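For reference, the chains in residue letters:
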Amino acid sequence: MPSPALAAIAALPQADLKSIFTTDPDRLSKLVLTQGPIRFDWSKTHLTDDLMTGFLALADEQGFARRRDALFAGEAVNNTEGRAAEHPAERGEGNPDSVAHAKMLHNRMRGLIDAIEAGALGEIRHILHIGIGGSALGPDLIVDALDGDGVRYDVAIVSNVDGTALERAIEGFDPHATLIAIASKTFTTSETMLNAASAINWMVEGGVDDPYGRVVALTAAPDRAMEWGVDETRILPFAESVGGRYSLWSSIGFPAALALGWDAFESLLEGAAEMDRHFRLSDPAQNIPLIAAFADQYYARVLGCQTRAVFAYDERLALLPSYLQQLEMESNGKAVKLDGSPVDGPTAPITWGGVGTDAQHAVFQLLHQGTIITPVEFIAAIEPGHALDPAHHRALLVNCFAQGAALMRGKDNAADPARAYPGNRPSTTILMDDVTPHALGALIAFYEHRTFANAVLMGINPFDQFGVELGKEIAKSIESDGPTGFDPSTMALIEIALGAE
């Protein structure tokens, strides 16, 4: 049954962005909010006072406050798997027992890092991190974004089972000076374990006497890691209640903590914790992740926008769109509600994007003049990540701000329709003071809570991910039982590429 509050929202007239600032002179004070080092600007979206009132009613109807409290209390908010989602506890916000357990595991990780820095594992110059999904995307984003702050090791992060990825990662690495981190929640992930076995073989072929002595396991299944050959002293566990795509705050963040230093990792955690406290304690009308979800819901569920574009106008955040693809689409790409009934409309849009001015010359034609309306998110930083001529950063920021203005304003041209811009196209701008560990932690936590808030407004579970399982099951059956019982197309592909059994 459709939500009464959502039906009331859908019945409201749509505002015209080109005149909205004239009719609402206080718009900036209501739709631009700052939390710590980040400014969030929704003033170029179609959110109005009436829509905000309607969405606040929807949040109340869907039990937002209750579900938010349950998240931080460590209750089983992941109802299909019967467990909590305790990534905030990794940052010090949540159930006290879970927070204490996370702190103990962080201390264990710091102890191992101190030992590595003291030379306990010999000379280490390179870190090879092997994982997939959240076990790779999070560390990759953090290391790539912050390596200008003095990364202390060569770091390569491998997720693709394609051997080319591993070969390229270890090119130039000395196996005698390499530490391998294997990240897998279950320590059974097939792609990760195949890459791990190949990395061990590379070490053996390189003459390393004890390759398993150079392995650190990051897992929620320490017994399986020990069975695989990793000594208990080099196993860094994390809680079963921490989901893969929410796990960079746990021992999955080990390569970032080692490469960037413990102070940087702690600052990352504290930035996230500040956003946790804002999300947990703020009034809904001033709650930044919730307001972001209001805009998301309006465009996806009311206006039927099937995609949302994210453009980082900062090279340090180049991997953020890829990170968000998994966070948002794997979390909220669902077809049923918490009670198993079908959803009453679209859920997560397709998240896509790119980097700054590169994207302007690739995809912005569609955004400005195409027939598909796409909400756009711009992310930038006031301080540059380089020491070159300030003209570089000024040009970057000018382009970022100009694109948002152009999407909203448009331009008439009756004489030449090919040069006309319809305008009235929405965008959000997220402006950071700088890309620091603290600010990046807050930004990622914002996206996590925004994803959760969207799920609450839709009545779905964002913490399971059964949609990824079927294809993996079929792949395993082909490996174990051979290609039998498939459709003619699949059978033909297997025969041509893999040979007849």
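In this text the structure is predicted, and so the values were computed from the model without any measurement.

Engineer: Can you walk me through the sheet that holds strand 2 (residues 38-41) in this structure?
Structural biologist: Within a beta sheet, neighbouring strands are joined by backbone hydrogen bonds and run either parallel or antiparallel to one another. Taking strand neighbours across the sheet as the criterion, the six strands line up as 1-2-11-10-8-9 in an open arrangement whose pairing is mixed. Strands at the two margins of the open sheet, each flanked by one partner only, are strand 1 (32-35) and strand 9 (350-355). Sheet twist, expressed as the average angle between the axes of neighbouring strands with direction ignored, equals 15°. For strand 8 (residues 307-313) and strand 10 (residues 376-381), the ladder comprises five bridges, and the chain directions are parallel. Of the residues in strand 10, the one forming a bridge with A312 is I379. Of the strands in this sheet, strand 8, strand 9 and strand 10 touch helix 15 (residues 320-332), which is tilted by about 170° from strand 9.

Engineer: I keep staring at helix 5 (residues 64-73) and nothing clicks. Help me out?
Structural biologist: Residues spaced three or four apart along an α-helix point in a common direction, a consequence of the helix completing one turn every 3.6 residues. The complete set of buried residues in helix 5 reads F64, R67, R68, A70, L71 and F72. Residues of helix 5 that are buried make contact with helix 4 (49-61), helix 6 (87-90), helix 13 (262-281), helix 14 (288-302) and helix 19 (437-458).

Engineer: Explain a negative patch on the surface to me, please; I cannot follow it from the model alone.
Structural biologist: Where like charges cluster on the molecular surface, the negative patch consists of D144, D147, E315 and D358. Relative to the helices and strands, D147 is located in the loop between helix 8 (134-146) and strand 4 (154-158). Residue class for D147 comes out partly exposed when judged on its relative accessible area of 37%.

Engineer: Hey, could you run me through the pairing of strand 6 (residues 215-219) in this one?
Structural biologist: Two faces belong to every sheet, and in a regular strand the side chains alternate between them. The buried fraction of strand 6 amounts to five of the five residues, a majority that puts the element mostly inside the structure. Burial along strand 6 is two-sided: V215, A217 and T219 facing one way and V216 and L218 facing the other are all buried. With four bridges joining them, strand 5 (residues 178-183) and strand 6 adopt parallel strand pairing. Its bridge partner being in strand 6, I180 is matched across the sheet by V215. Where the polypeptide runs from strand 5 across helix 10 (residues 190-205) and back to strand 6, its parallel neighbour, the crossover connection is right-handed. Note: strand 6 against strand 7 (residues 235-237), three bridges, orientation parallel. Within the sheet, the bridge partner assigned to L218 lies in strand 7 and is L236.

Engineer: I keep staring at the environment of T233 and nothing clicks. Help me out?
Structural biologist: Within the element layout of this structure, T233 appears in the loop between helix 11 (222-228) and strand 7. Separated by 82 residues in the primary sequence, T233 and V151 have C-alpha atoms spaced 25 Å apart. Those residues within four positions of T233 in sequence are excluded, and the remaining contacts are R108 and L112. Of note is the side chain of T233, whose polar atom sits 2.5 Å from the side chain of D231.

Engineer: Mind showing me how you'd approach the side chain of E86 here?
Structural biologist: Tracing the sequence through the fold places E86 in the loop between helix 5 and helix 6. Salt bridges are absent for the buried E86, whose nearest opposite-charge side chain, R83, sits at 9.5 Å. Apart from the residues within four sequence positions on either side, E86 is in contact with G74, N95, S98, S241 and V242.

Reading the values: the criteria
Residues numbered from 1 in each chain as written. Predicted model: local features only at pLDDT ≥ 70, side-chain atom pairs only at ≥ 80, totals over all residues. Heavy atoms only, no water. Pairing = 2+ DSSP bridges. Helix = DSSP H or I, 4+ residues; strand = E, 2+ residues; numbered from the N terminus. Axes fitted to C-alpha atoms, helices over the stretch in contact; angles between N-to-C directions. Contact = heavy atoms within 4.5 Å. Buried < 20%, exposed > 50% of the residue type's maximum accessible area, 1.4 Å probe, protein only. Patch = residues over 30% accessible without salt bridge, like charges linked within 9 Å, V, L, I, M, F, W, Y side chains within 5 Å. Areas by Shrake-Rupley, 256 points an atom, 1.4 Å probe, with all protein chains shown as cover. Salt bridge = Lys/Arg side-chain N within 4 Å of Asp/Glu carboxyl O. Lys, Arg positive; Asp, Glu negative; His and termini not counted. Charge placed at Lys NZ, Arg CZ, Asp CG, Glu CD. Right-handed = clockwise from strand over helix to strand, strands pointing away. Polar contact = N/O pair within 3.5 Å; in protein donor to acceptor, adjacent residues only side chain to side chain.

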